[in-house]
Amino acid sequence: MPDTWNSLEQQVWKKLQEVTDPEITSVSLLEMGMVESIHVAGRNAIIRLIPTYVGCPALHMMKEDVIAVVSELDGIDRVEVQFVKSPIWTSDRITDEGREKLKKSGISTPQAEFKQEGIWEAECPYCGSPKTVMNNVFGPTSCRSIFYCNQCKNPFEAIKPV
């Protein structure tokens, strides 16, 4: 966080660490890289979020959770949440801490490079093996696919690279 931010903005950033993605509760919106900006003016806070998927059915829940958590702060009377379409969310916005938490939850994150157009490798979050295959491009949410590890024989989810 920049040194120029006032303490109330810093408190808002800290409170947002408590808000998780309702569909992936092991990571916060901050760790997923969804918080684009926070602006505090007087007793009002405006939080701009980048959805991982524009059609995500959990956006309303995220908005409610952000409003509830930030409203707990002394000095904040009004919270506005805006979902922005630019910049677009990409999987490289996930923080290192977020990647580690996802891995501990059995969810792989995209590698930096793709093998070829439309095909990517997913490292097994359980054993670390790159010897995996995609079982289904459609996972439990629009941003995840189902993979299978040929080494430890476990199925797992992987965040789709964007």
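Residues numbered from 1 in each chain as written. Predicted model: local features only at pLDDT ≥ 70, side-chain atom pairs only at ≥ 80, totals over all residues. Heavy atoms only, no water.

## Describing the sheet that holds strand 6 (residues 107–108)
Consideration 1: Taking strand neighbours across the sheet as the criterion, the four strands line up as 6-9-8-7 in an open arrangement whose pairing is mixed. The open sheet is flanked by strand 6 and strand 7 (132–136), the only strands paired with a single partner.
Consideration 2: Bridging between strand 7 and strand 8 (residues 144–149) involves four bridges; their strand directions are antiparallel. What sits directly across from asparagine 136, in strand 8, is isoleucine 146. (Pairing = 2+ DSSP bridges. Helix = DSSP H or I, 4+ residues; strand = E, 2+ residues; numbered from the N terminus.)

## Things to note about a nonpolar patch on the surface
Consideration 1: A cluster of nonpolar side chains, contributed by Met134, Val137 and Phe138, occupies part of the molecular surface with about 290 Å² of accessible area.
Consideration 2: With respect to the secondary-structure elements, phenylalanine 138 resides in the loop between strand 7 and strand 8.
Consideration 3: Given a relative accessible area of 62%, phenylalanine 138 falls into the exposed group. (Patch = residues over 30% accessible without salt bridge, like charges linked within 9 Å, V, L, I, M, F, W, Y side chains within 5 Å. Areas by Shrake-Rupley, 256 points an atom, 1.4 Å probe, with all protein chains shown as cover. Salt bridge = Lys/Arg side-chain N within 4 Å of Asp/Glu carboxyl O. Buried < 20%, exposed > 50% of the residue type's maximum accessible area, 1.4 Å probe, protein only.)

## Quick word on the sheet that holds strand 4 (residues 44–49)
Consideration 1: Across the sheet, three strands lie side by side as 3-4-5; this open sheet has mixed pairing. A strand with exactly one partner marks an edge of an open sheet, and here the two such strands are strand 3 (35–41) and strand 5 (78–83). For this sheet, the mean inter-axis angle between neighbouring strands, taken without regard to orientation, is 15 degrees. (Axes fitted to C-alpha atoms, helices over the stretch in contact; angles between N-to-C directions.)

## Brief notes about the environment of glutamine 111
Consideration 1: Within the element layout of this structure, glutamine 111 appears in the loop between strand 6 and strand 7.
Consideration 2: Glutamine 111 gets classed as partly exposed once you look at its relative accessible area, which sits at 36%.
Consideration 3: When residues no more than four places from it in sequence are discounted, the contact partners of glutamine 111 are Glu121 and Glu123. (Contact = heavy atoms within 4.5 Å.)

## Looking at the nonpolar core
Consideration 1: Within the largest apolar cluster, 35 residues are counted, with the highest numbers of intra-cluster contacts made by Val12, Leu16, Ile47, Val66, Val70 and Ile76.
Consideration 2: Elements that contribute at least two residues to this core include exactly helix 1 (7–16), strand 2 (24–28), strand 3, strand 4, helix 2 (59–71) and strand 5.
Consideration 3: The leading source of residues in this core is helix 2, at five residues.
Consideration 4: Residues in contact with valine 70, not counting those within four places in the same chain, are Val12, Leu16, Ala45, Ile47, Ile76 and Val79. (Core = buried A, V, L, I, M, F, W, Y, C linked by side-chain atoms within 4.5 Å.)

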